[in-house]
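In case you want the letters, here they are:
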Amino acid sequence: DGDLSPKIFINSRDITERKRLDEVRLALEREQELRTLKTRFFSMVSHEFRTPLSTVLAAAQLLDSSPGAWANPEKRDRNLRRIQDSVKNMVQLLDDILTINRAETGKLEFNPQWLDLEKFCSHFVEEMQLSAGARHTLNFACHAQNNGQNTGACVDEKLLRSILANLLSNAIKYSPAGGQIQCYLTFEKESVQLMICDRGLGIPTEDQKQLFEPFSRGKNVRHLPGTGLGLVVVKKCVNLHGGSIEIASEVGRGTTVTILLPKI
Ligand SMILES: Nc1ncnc2c1ncn2[C@@H]1O[C@H](COP(=O)(O)OP(=O)(O)O)[C@@H](O)[C@H]1O
Ligand SMILES: [Mg+2]
């Protein structure tokens, strides 16, 4: 109405109530997440224990009740092997759960010591080759600066073992027969790079985001046994070293896991 004098509008609201609501909402979300995790935990554990336990029971009952099976060395060995493999899987599952629990309560021990990484990794890859058998070929290569004068770093041997065991067994498990698996160790100025490459099944893009969440597995590997805890364990071990982990993968082409660990 022609009034051109400046006007000031003050828009103030009490936001304490909104802040409180946000907090409640966050707490509810967290609660929901924990509930989902618990459900997944129970369903995974009951399945992952029930299956090997049934195998153990069936194999033991067969050997016990049929004298023919016991007398036949082939049948006996096959069933004894089944029992051992099943028990090993259950022990692995329990170990993973314990490791994650220790890491989350700050009780996972970290004892870094000087270790010749080249020697350690090459032995480890050889060991894994022996257990993988002829179905897969594992290669190891080391690139050291200064012509390999120094291939050591300060790491926790037990945790490193767990990292390598998990990554190599994934590469083997998720590669078809005849699959080639490469393990590269590269010494950089301040860090050590460990790379594990396979040309296996790969990981669907939509599953790549939550690989470090407990119990999460790719949609394309449901037919293969697994718990979805291995990479969680790996990540905890890498974190304790102050290192980093990255996974690049494409379905049908393969997967490369890269780990960087500071030298000291
Ligand atoms: N080398 C690999 N090739 C293809 N998929 C992989 C590989 N490593 C991990 N994955 C995917 O990541 C998921 C989580 O791996 P992990 O935590 O080791 O659990 P698990 O092997 O018991 O399923 C696997 O279920 C699989 O979908
Ligand atoms: Mg695994």
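Residues numbered from 1 in each chain as written. Chains lettered and ligands numbered in written order. Predicted model: local features only at pLDDT ≥ 70, side-chain atom pairs only at ≥ 80, totals over all residues. Heavy atoms only, no water.

Participant: Whenever I open this one, the site of ligand 1 confuses me. Can you help?
Facilitator: Around ligand 1, a shell composed of 19 residues is seen, among which Tyr174, Arg217, Gly218, Thr227 and Leu231 lie nearest. At 2.8 Å, a side-chain N or O of Asp198 approaches a nitrogen atom of ligand 1. At 2.5 Å from an oxygen atom of ligand 1 is found a side-chain nitrogen or oxygen belonging to Arg217. In the complex, the protein chains occlude 96% of the 530 Å² of accessible area that ligand 1 would expose alone. Looking at the shell around ligand 1, the elements with two or more residues in it are α5 (157-173) and α7 (230-240). Take the shell around ligand 1: its biggest share by element is 3 residues, from α5. Within the shell around ligand 1, the residues separate by chemical class into 7 nonpolar, 9 polar and 3 charged. (Near = heavy atom within 4 Å. Polar contact = N/O pair within 3.5 Å; in protein donor to acceptor, adjacent residues only side chain to side chain. Areas by Shrake-Rupley, 256 points an atom, 1.4 Å probe, with all protein chains shown as cover. Helix = DSSP H or I, 4+ residues; strand = E, 2+ residues; numbered from the N terminus. Nonpolar A, V, L, I, M, F, W, Y, C, P; charged D, E, K, R; others polar.)

Participant: Please explain helix α1 (residues 16-65) as it appears in this structure.
Facilitator: Each turn of an α-helix holds 3.6 residues, which means side chains three or four residues apart point in the same direction. With 50 residues, α1 should cover 74 Å at 1.5 Å per step; its first-to-last C-alpha distance of 72 Å lies within 8% of that length. Burial in α1 covers these residues: Met44, Val45, Glu48, Phe49, Pro52, Val56, Ala59 and Leu63. In this structure, the buried residues of α1 make contact with α2 (67-71) and α3 (73-104). (Expected span 1.5 Å × (residues − 1). Buried < 20%, exposed > 50% of the residue type's maximum accessible area, 1.4 Å probe, protein only. Contact = heavy atoms within 4.5 Å.)

Participant: What am I meant to see in the packing of aromatic side chains here?
Facilitator: How two aromatic rings sit relative to each other is given by the distance of their centres and the angle of their planes. As enumerated under the stated definition, the model contains 3 aromatic pairs in all. Taken together, the ring pairs connect Phe41, Phe42 and Phe215 into an aromatic cluster. Here the guanidinium or amino end of Arg76 rests over the ring plane of Trp70, the centre of that ring lying 5.6 Å away. In this structure, Lys235 is placed above the aromatic ring of Phe212, and the distance from its NZ or CZ to the ring centre is 5.0 Å. (Phe/Tyr/Trp six-rings, centres within 6.5 Å; stacked < 30°, edge-to-face > 60°. Lys NZ or Arg CZ within 6 Å of the ring centre and 35° of its normal.)

Participant: Looking at this model, I keep getting lost on the domain arrangement of the protein chain. Mind explaining?
Facilitator: By convention, interface size is frequently given as the accessible area that disappears when the constituent parts associate. What the domain assignment lists for the protein chain is domain 1 (16-104) and domain 2 (113-262). Between the C-alpha centres of domain 1 and domain 2 there is a distance of 23 Å. Contact residues are listed per partner, giving 12 residues for domain 1 and 9 residues for domain 2. The contact between domain 1 and domain 2 buries some 1,000 Å² in all, and 75% of this surface belongs to carbon and sulfur atoms. Broken down residue by residue, the surface that domain 1 buries against domain 2 is led by Arg40, Asp96 and Ile100, which jointly contribute 42%. One can count 1 salt bridge joining domain 1 with domain 2. Measuring nitrogen to oxygen at the nearest pair gives 3.3 Å for the salt bridge that ties Lys236 to Glu104. Viewed at the interface, domain 2 and domain 1 are joined by 2 residue pairs in polar contact (both at pLDDT 80 or more). Among the secondary structure elements, those contributing two or more residues to the side of domain 1 that touches domain 2 are α1 and α3. Among the elements that line the side of domain 1 that touches domain 2, the one with the most residues is α3, at 7 residues. (Domains from an automatic or database assignment. Buried area = accessible area lost by both parts, 1.4 Å probe. Salt bridge = Lys/Arg side-chain N within 4 Å of Asp/Glu carboxyl O.)

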